[in-house]
Amino acid sequence: MNRSATIVLTALAPISWGTTYAVTTQFLPPDRPLFTGLMRALPAGLVLLALARVLPRGAWWWKATVLGALNIGAFFPLLFLSAYRLPGGMASVVGSIGPLIVVGLSAVLLGQRPTARSVFTGALAAFGVSLVVLKAAGALDPVGVLAALASTASMSTGTVLTKRWGRPDGVGPLALTGWQLTAGGLLIAPVAFLVEGAPPALDGRAVGGYLYLALANTAVAYWLWFRGIGRLSATQVTLLGPLSPLTAAVVGWAALGQALTPVQVAGMALAFGATVAGQLGARTPAVSVRGVASRGNAVTQRRRRPWPMNPAPVVASRSPHGRAVPVGVPCTAPPPADRRPTGSDGGVPRSVSRG
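Keep in mind that this is a model prediction, so the values were computed, not measured.

**Student:** Account for the packing of helix H1 (residues 3-17) against helix H11 (residues 204-231), with residues named and values stated.
**Tutor:** When two helices pack together, their arrangement is given by the angle between the helix axes and by the axis-to-axis distance. Packing of H1 against H11 brings their axes to within 8 Å, and their N-to-C directions diverge by 145 degrees. Between H1 and H11 lies a crossing of left-handed hand. Between H1, through Thr-6, Leu-9, Thr-10, Leu-12, Ala-13, Pro-14, Ser-16 and Trp-17, and H11, the contact on the second element is made entirely by Tyr-212, Ala-216, Asn-217, Ala-221, Tyr-222, Leu-224, Trp-225, Arg-227, Gly-228 and Arg-231. In terms of residue class, the contact of H1 with H11 is built from eleven nonpolar, five polar and two charged.

**Student:** Just give me the short version of unusual backbone geometry, but keep the residues and values in it.
**Tutor:** You will see that Asp-31, though not glycine, has its phi angle at about 60 degrees, which is positive. With respect to the secondary-structure elements, Asp-31 resides in the loop between helix H2 (20-27) and helix H3 (33-52). Positive phi is not limited to glycine here, since Arg-53 has a value of about 55 degrees. Assignment of secondary structure puts Arg-53 in the loop between H3 and helix H4 (60-73). On the accessibility criterion, Arg-53 (76% relative accessible area) is exposed.

**Student:** Which residues make up the nonpolar core, and what values go with them?
**Tutor:** Ranked by internal contacts, the top residues of the largest apolar core, which has 28 residues, are Trp-17, Ile-72, Phe-76, Tyr-222 and Trp-225. Mapped by element, the contributors of at least two residues to this core are H1, H3, helix H5 (75-85), helix H10 (173-196) and H11. Those residues within four positions of Phe-76 in sequence are excluded, and the remaining contacts are Gly-37, Arg-40, Ala-41, Ile-188 and Tyr-222. Core analysis: the next-biggest nonpolar cluster, separate from the first, contains 13 residues, Met-90, Val-94, Leu-246 and Ala-249 among them.

**Student:** Explain the pattern of salt bridges to me, using residue names and the numbers behind them.
**Tutor:** Considering all chains together, one arrives at one salt bridge under this definition. Between Arg-32 and Glu-196 there is a salt bridge, with its nearest N and O atoms 3.4 Å apart. Here Glu-196 lies in helix H10 and Arg-32 lies in the loop between H2 and H3, a separation of 164 residues in the sequence. In this pair, the class of Arg-32 matches that of Glu-196, namely buried.

**Student:** Describe the environment of Thr-152, naming the residues involved and giving the relevant values.
**Tutor:** Within the element layout of this structure, Thr-152 appears in helix H9 (residues 142-165). Take Thr-152: its relative accessible area is 6%, and that puts it in the buried class. Taking the C-alpha atoms as reference points, Thr-152 and Leu-78, 74 residues apart in sequence, are found 8.9 Å from one another. Not counting residues within four places of it along the chain, the set of residues in contact with Thr-152 comprises Val-94, Gly-95, Ile-97, Gly-98 and Ile-101.

What counts and how
- Residues numbered from 1 in each chain as written.
- Predicted model: local features only at pLDDT ≥ 70, side-chain atom pairs only at ≥ 80, totals over all residues.
- Heavy atoms only, no water.
- Axes fitted to C-alpha atoms, helices over the stretch in contact; angles between N-to-C directions.
- Helix = DSSP H or I, 4+ residues; strand = E, 2+ residues; numbered from the N terminus.
- Left-handed = near helix turned anticlockwise from the far one by under 90°.
- Contact = heavy atoms within 4.5 Å.
- Nonpolar A, V, L, I, M, F, W, Y, C, P; charged D, E, K, R; others polar.
- Buried < 20%, exposed > 50% of the residue type's maximum accessible area, 1.4 Å probe, protein only.
- Core = buried A, V, L, I, M, F, W, Y, C linked by side-chain atoms within 4.5 Å.
- Salt bridge = Lys/Arg side-chain N within 4 Å of Asp/Glu carboxyl O.

This is the structure we're talking about:
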């Protein structure tokens, strides 16, 4: 799959997350953010585990727990807490600085030097989002601000660590997503029951809303997100995040009758333009070599193929002197007529890197 298709599929994740507010307010019981986070994460994780049929091994038990805590278990409760305590979309504004946090963490953990493009596009996206969602309101709640910053830092750190650790050999993004959602859901469960008590009574609309959040909004969306992290740079992926508040604004206008001012439209154009610019000119990570770094890690090496790159020449005929005349030209210059590169057994060279 080419890079453009990967970007488009990864962008579907934040676009899906942009529908969360509308679904929560229109279909779900009010004032149950932790229960909603639990219902998003744990059922989705169990479904993906059943499909993947792969459990963590060795160090990946604690790695999956750490990633699940950062990307799900801590992120969901902190995000809901900030949304409830901050006015006028301020939580989305704080969350939009995630690309800048990822740029800094990538320099420390992945060894990727920040570029002027990544810093500028991250700042421009945050400014555009602020024009879309920021409204005049009273004084900011310190707890809400800290929760918003913590949730953004948690998700940003999880994104960079997911890139750094990659995936174990033979494990796809489906299993990795299932591990994280299950671990995160198990971490949210005790907090939800302690803070909010027993689950609320659910009607048909609530059941449908939770099914949508668990399957499309979480299982599929997070699978696309972590799949994208494995194929794109961490900065590229996180610069798709502003699509979430932009989608929420469009859904609010189209489905909930919320008006969009000219300033909001201008902010949407700025944020979307920054998101697109963040994908242009970025370099897709090289394929890593097995034993050096797993797929998706930042520490990568290009595959090296020994000369010649083509298979052993096929003998088409013999010269008048009885020597084999090869058909096909190697990647550089052809070998002498009386010699051809062979492995220790006289066949095709066996030192081709397998990654």
